[in-house]
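Now for the letters of each chain:
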Amino acid sequence: MTQVDTAGTGQGGSPADPREPGTGAGLPAAVGSGGTRRADVRRAFRNGIRPGPWKRGPVLTASALLLGLLLLLHTEIPNRPGGLGSLVATFLPWFGLLIPVLLAGALWRRSASAAVALLLPVTVWLNLFGGLLGDKSHPGGDLTLVSHNVGADNPDPAGTARDLAASGADVLALEEITPQASGTYERELAKAYPYHAVRGTVGLWSRLPLSDTRPVDIEQDVGPLGDAKPAEIKLAYSRALRTTVATDRGPLAVYVAHLGSVRMNPRAGFWTDSRDRNAQALGKAIAAERNERVVLLGDLNGTMDDRAFDGITSQLHSVQDAAGDGFGFSWPAKFPVVRIDQILVRGVQPQSSWLLPATGSDHRPVAAGISW
């Protein structure tokens, strides 16, 4: 009777050696070893083609560098065609909002190169606007100035006048005065301000005496048609004046101006021709001013970062930059995003700069304290 080999022995009755080639017991080990090697090869290949932290996020890195260059070289952006340079300058501080967006993308991608590239826009932005983040105002001041574009469509000029009189301003400039509302402002402000002068659509009210008041030609009308208009017709819509305020420290030359509006349209883009022409003419008038102490109040329809105002900012300095708290955005009144209402000075010391509460206008009033 043949005995069944249940012990797994070979022909000789010895137990099978699992290390021997050709035995069934050795197959799984061989298969497992090969699979491990293949997995190692695949892993090494993936690691080889996967970018490291300095190579990740090339788009984010390029975007950060471009943002930094835009902030650094914004004055070199051409204004023709489409007024692109002025458009960028108008909203320049808001480009800083792109920095945290790019930083979040760099962290998400774990991109070291993008994070380092962000140092450029951060440094340039802080150099341009970091000084506006703190409160630089000082208490006191010899004279309080207020400027307000009261708005041609203001539904409550009387209420606006009362609010402005309550501000405590010593010198109050109004822009965009309509013929219909002019009498209301004169009547409501008469008690607080015994002296005032109105030329066309701009006016100045003062607690101190005024003299030598005259309109300033900011070239509203150009060309043969403008030259042919009589002076009395031009005066009706004049948008700038110059006067002298008699202070106990001597005369103070005060300019009030409302420069031309800017427009966005498909054909011309960011159209600033009228405003730019007015700004150049106003700069020439200020350059001819002999008084060492000068104040400019008004709606200039532009920010002081715009190259269009170089002729003005080379002579006068912004009180908001020198003594303000924050950016001092003044327009639109419901949600201000730009400061186009300005108080600029020469020969006096800015002490403080602030915004007044909104009125019935689409602009916020701007205020400043100055001293000698």
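Each value, and the rule that gives it
Residues numbered from 1 in each chain as written. Predicted model: local features only at pLDDT ≥ 70, side-chain atom pairs only at ≥ 80, totals over all residues. Heavy atoms only, no water. Pairing = 2+ DSSP bridges. Helix = DSSP H or I, 4+ residues; strand = E, 2+ residues; numbered from the N terminus. Axes fitted to C-alpha atoms, helices over the stretch in contact; angles between N-to-C directions. Buried < 20%, exposed > 50% of the residue type's maximum accessible area, 1.4 Å probe, protein only. pLDDT = per-residue confidence, 0-100. Contact = heavy atoms within 4.5 Å. Phe/Tyr/Trp six-rings, centres within 6.5 Å; stacked < 30°, edge-to-face > 60°.

## Concerning the sheet that holds strand β3 (residues 195-199)
By way of backbone hydrogen bonds, the strands of a sheet pair with one another, either parallel or antiparallel.
Reasoning step 1: Spatially, β3-β4-β2-β1-β14-β13 is the arrangement adopted by the six strands of the open sheet, whose pairing is mixed. Either end of the sheet is taken by a strand with one partner, and the two such strands are β3 and β13 (349-355). Recorded for the sheet is a direction-independent mean angle of 15 degrees between the axes of neighbouring strands.
Reasoning step 2: As judged from the five bridges shared by strand β1 (residues 143-149) and strand β2 (residues 171-175), these two strands associate in the parallel manner. Among the inter-strand pairings, Asn149 is bridged to a residue of β2, identified as Glu175.

## Thoughts on the pairing of strand β14 (residues 366-371)
Reasoning step 1: Across the six residues of β14, six count as buried, placing the element largely inside the fold.
Reasoning step 2: Burial along β14 is two-sided: Val366, Ala368 and Ile370 facing one way and Ala367, Gly369 and Ser371 facing the other are all buried.
Reasoning step 3: Here five bridges tie β1 to β14, and the two strands are oriented antiparallel to one another. Residue pairing across strands places Leu143 opposite Ile370, the latter belonging to β14.
Reasoning step 4: Here β13 pairs with β14 via six bridges, running antiparallel. Following the sheet pairing, Pro350 is matched in β14 by Ile370.

## Details of unusual backbone geometry
Note: most peptide bonds trans; most residues except glycine with negative phi.
Reasoning step 1: In this structure, Pro81 follows Arg80 across a cis peptide bond, with omega equal to 0 degrees.
Reasoning step 2: With phi around 55 degrees, Asp212 is a residue other than glycine that occupies positive phi space.
Reasoning step 3: Inspection of the secondary structure puts Asp212 in strand β5 (residues 210-215).
Reasoning step 4: For Asp212, a relative accessible area of 45% translates into the label partly exposed.
Reasoning step 5: In this model, Glu219 sits at a positive phi of 60 degrees, which is unusual for a non-glycine residue.
Reasoning step 6: Along the chain, Glu219 falls in the loop between β5 and α9 (223-228).

## Examining the confidence of the model for the chain
Reasoning step 1: With 85% of its residues at a pLDDT of 70 or more, the chain has an overall mean of 89.
Reasoning step 2: Confidence drops under pLDDT 50 across residues 18-27; counting only partners more than four residues distant or on other chains, this segment forms four contacts.

## Considerations on helix α7 (residues 157-165)
Since the α-helix turns once every 3.6 residues, residues separated by three or four places project in the same direction.
Reasoning step 1: Of all nine residues that make up α7, seven are buried, and the element is covered over most of its length.
Reasoning step 2: Along α7, the residues that are buried comprise Pro157, Ala158, Gly159, Thr160, Ala161, Leu164 and Ala165.

## A word on the side chain of Thr201
Reasoning step 1: The topology assignment puts Thr201 in the loop between β3 and β4 (202-206).
Reasoning step 2: With residues up to four places along the chain from it excluded, the contact list for Thr201 reads Leu174, Glu175, Glu176, Ile177, Ala236, Tyr237, Ser238 and Arg239.

## Quick look at the packing of aromatic side chains
Reasoning step 1: For the structure on display, the rule yields five aromatic pairs.
Reasoning step 2: Relative to Phe129, the ring of Trp125 lies with its centre 5.6 Å away and its plane at 55 degrees, an arrangement referred to as tilted. Taken together, the residues Trp125 and Phe129, both in helix α6 (residues 119-129) and four residues apart, mark about one turn of the helix.
Reasoning step 3: Given the relative accessible area of 13%, Trp125 is considered buried.
Reasoning step 4: The buried category is assigned to Phe129, whose relative accessible area is 2%.
Reasoning step 5: Between the aromatic rings of Phe327 and Phe329, the centroid separation amounts to 5.2 Å while the plane-to-plane angle is 15 degrees, which identifies the pairing as stacked.
Reasoning step 6: In this structure an aromatic cluster arises from ring pairing among Trp94, Trp125, Phe129, Phe327 and Phe329.

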